[in-house]
Amino acid sequence: MNIDILKTDMSEDMVADVIEITKTVFGKQKLHKDLATAFKAAFDLKHPPADNKATSGVWHCIAGSDFACSVTHETHYACYWSVNNVKMLIWKSKDSPFD
């Protein structure tokens, strides 16, 4: 399995978690949507919101061989990487309390 971190502003510990979780979930899922769902669920368990509220931030994950996106994320909470020609993106964002 070839995991290549392409861009991140996460801490080294969080990047290590990204790599560890990728190794755990990658071979078990055939569809990209299932891969993204499994990765997000595992990352949620490892890094839950401090007070369990969306206003503290929630994780989002995309997986695919071809996608485009534009996201706003919290500083130090985004990672874009490649594993065996599948690109993945995870980021944390906060829901606005003004919605």
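Residues numbered from 1 in each chain as written. Predicted model: local features only at pLDDT ≥ 70, side-chain atom pairs only at ≥ 80, totals over all residues. Heavy atoms only, no water.

## Quick look at the confidence of the model for the protein chain
Close inspection of predicted coordinates is inappropriate in any region flagged by low pLDDT. Scored by pLDDT, the protein chain comes out at a mean of 90, with 92% of its residues at no less than 70. At the level of individual helices and strands, the protein chain shows its lowest average pLDDT in strand S2 (residues 58-64), which scores 94, and its highest in strand S1 (residues 3-8), which scores 97. (pLDDT = per-residue confidence, 0-100. Helix = DSSP H or I, 4+ residues; strand = E, 2+ residues; numbered from the N terminus.)

## Section: the pairing of strand S4 (residues 86-93)
Extensive coverage of S4 is indicated by the burial of 7 of its 8 residues. Pairing between S2 and S4: 7 bridges, direction antiparallel. If you follow Gly 64 over to S4, its bridge partner there is Lys 87. For strand S3 (residues 78-83) and S4, the ladder comprises 6 bridges, and the chain directions are antiparallel. Counterpart to Val 83 in the pairing with S4 is Val 86. Adjacent in sequence and paired antiparallel, S3 and S4 are bridged by 2 residues, among which Asn 84 carries a positive phi angle near 50°. (Buried < 20%, exposed > 50% of the residue type's maximum accessible area, 1.4 Å probe, protein only. Pairing = 2+ DSSP bridges.)

## A few points about the environment of Met 10
Here Met 10 lies in the loop between S1 and helix H1 (12-25). Here Met 10 falls in the buried class, since its relative accessible area comes to 9%.

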